[in-house]
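Read off the chains here:
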Amino acid sequence: EAQVTQNPRYLITVTGKKLTVTCSQNMNHEYMSWYRQDPGLGLRQIYYSMNVEVTDKGDVPEGYKVSRKEKRNFPLILESPSPNQTSLYFCASSAPGVIGYTFGSGTRLTVV
Amino acid sequence: AQSVTQLGSHVSVSEGALVLLRCNYSSSVPPYLFWYVQYPNQGLQLLLKYTSAATLVKGINGFEAEFKKSETSFHLTKPSAHMSDAAEYFCAVSRKSGGSNYKLTFGKGTLLTVNP
């Protein structure tokens, strides 16, 4: 089944403790992206990647890092999480000629 | 730059009534347009998308949307609301440039409540 898989689904952590949210897709898609969803703000793009080793900032990149060493994986790294990064995070993938993204199920992160 | 405005953060309808969720977009190039639905505690599901083929787009669960270039609108409608339609709905725009669509820009969402 074609899908985007995020882990974990839920995470509670403390301020300053580094964490990684993983994202993997099995569709051989070139494009991958991370979004965060906050009440009243919709979804905002954090980072995106056009292909392996090609990444760029989205609209709200501060406090986040990404890497794209393999085509299928696009982890989101929070080096020093803060409470304002408490949010619902979505990973998504797409490909040239495919209009639109396939989204993962989301990761709900709480930073205390 | 591209942007999306969803008019009304909360829409309430009675079961069986018309559903109308409004979306206006801004884009410097011909856009791709999307409606996504998010049920409580779930991810995003694509309802329908406009890719310049037909201006009236039919999606899943009886929803449809009409692209109106002159009004820069892409409103979502359903003739008769069902209780199961209660969810949050997001309109999104993507640029159309050489087949590239690597960024979706979302509106802030409209929460649809359906009353019995």
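Below is a summary of the structure that appears in this document. (Residues numbered from 1 in each chain as written. Chains lettered and ligands numbered in written order. Predicted model: local features only at pLDDT ≥ 70, side-chain atom pairs only at ≥ 80, totals over all residues. Heavy atoms only, no water.)

Structural notes on the state of the cysteines
All names here are of chain A. In plain terms, the rule: Note on terminology: pairs of cysteine sulfur atoms within 2.5 Å are recorded as disulfides. Secondary structure elements follow DSSP: runs of H or I no shorter than four residues count as helices, runs of E no shorter than two count as strands, and numbering proceeds from the N terminus. Under the scheme applied here, a residue whose accessible area is under 20% of the maximum for its type counts as buried, over 50% as exposed, and between as partly exposed, the area being computed with a 1.4 Å probe on protein chains only.
Considering all chains together, one arrives at two disulfides over all chains under this definition. In this model C23 forms its disulfide with C91; the gap between the sulfur atoms is 1.8 Å. Taking the torsion about the S-S bond as the criterion, the C23 to C91 disulfide, at about -75°, is left-handed. With C23 in strand β3 (residues 19-25) and C91 in strand β9 (residues 87-94), the pair connects residues that are 68 residues apart, well separated along the chain. Here C91 falls in the buried class, since its relative accessible area comes to 0%.

Here's the deal with the interface of chain A and chain B
What counts, and what does not: Note on definitions: a residue-residue contact is assigned when non-hydrogen atoms from the two residues lie within 4.5 Å. Buried area: the accessible area, evaluated with a 1.4 Å probe, that two parts lose upon being put together, summed over both parts. Note on definitions: salt bridges are taken to be side-chain nitrogens of Lys or Arg within 4 Å of carboxyl oxygens of Asp or Glu. Side-chain atoms alone can form a polar contact between residues adjacent in sequence; in general such a contact is a pair of N or O atoms within 3.5 Å, and within protein one must be able to donate a hydrogen while the other accepts it. Under the scheme applied, nonpolar residues are Ala, Val, Leu, Ile, Met, Phe, Trp, Tyr, Cys and Pro; charged residues are Asp, Glu, Lys and Arg; polar residues are all the others, including Gly.
Each partner contributes residues to the interface: chain A has 23 residues there, and chain B has 21 residues. Interface area for chain A against chain B, summed over the two sides, is near 1800 Å², with a carbon-plus-sulfur share of 55%. There are zero salt bridges connecting chain A and chain B. Between chain A and chain B we count four residue pairs in polar contact (both at pLDDT 80 or more) in total. Where the side of chain A that touches chain B is concerned, the elements lending two or more residues are β4 (31-38), β5 (42-51) and β9 of chain A. Per element, the largest residue contribution to the side of chain A that touches chain B is five residues, and it comes from β5(A). Looking at the side of chain A that touches chain B, its residues break down into 13 nonpolar, eight polar and two charged.

A closer look at the environment of B:S84
Residue and element names in this part refer to chain B. Counting through the fold element by element, S84 comes out in the loop between β8 (73-78) and β9 (87-95). Distance from S84 to E15, taken between C-alpha atoms, is 9.7 Å for residues 69 residues apart in sequence. Side-chain polar atoms of S84 contact the side chain of H82, separated by 2.9 Å.

Considering the nonpolar core
Residues and elements named next belong to chain B. To keep things clear, this is the line we draw: Throughout, nonpolar core names a set of buried Ala, Val, Leu, Ile, Met, Phe, Trp, Tyr and Cys residues whose side chains join them through atoms within 4.5 Å.
In this structure, W35, L48, F74, L76 and Y89 are the most contacted members of the largest nonpolar core, which totals 27 residues. Elements with a minimum of two residues in this core: β2 (10-14), β3 (19-26), β4 (31-38), β5 (45-50), β7 (64-68), β8, β9 and β11 (110-115). Discounting chain neighbours no more than four positions away, the residues touching F74 are C23, L33, F34, W35, L48, Y50, V57, A65, E66 and F67.

Thoughts on the packing of aromatic side chains
In plain terms, the rule: Aromatic rings from Phe, Tyr and Trp, with only the six-membered ring used for Trp, were paired whenever their centres fell within 6.5 Å, and each pair was classed as stacked if the ring planes differed by under 30 degrees, edge-to-face if by over 60, and tilted otherwise. Note on geometry: a ring has a charge over it if NZ (lysine) or CZ (arginine) is within 6 Å of the ring centre and within 35 degrees of the ring normal.
What the rule picks out here adds up to 14 aromatic pairs over all chains. Ring geometry for A:F103 and B:Y36: centres 5.3 Å apart, planes at 80°, overall edge-to-face. Here B:Y36 lies in strand β4 and A:F103 lies in strand β10 (residues 102-103), a pairing that spans two chains. As far as the burial class goes, A:F103 and B:Y36 line up, both buried. Centroid distance B:Y25 to B:F67: 5.9 Å. Interplanar angle 25°. Geometry classified as stacked. Residue B:Y25 is found in strand β3, and its partner B:F67 is found in strand β7; the two are separated by 42 residues along the sequence. In this structure, B:Y25 and B:F67 share a single accessibility class: buried. Positioned above the aromatic ring of A:F74, the side-chain terminus of A:R68 is 6.0 Å from the ring centre.

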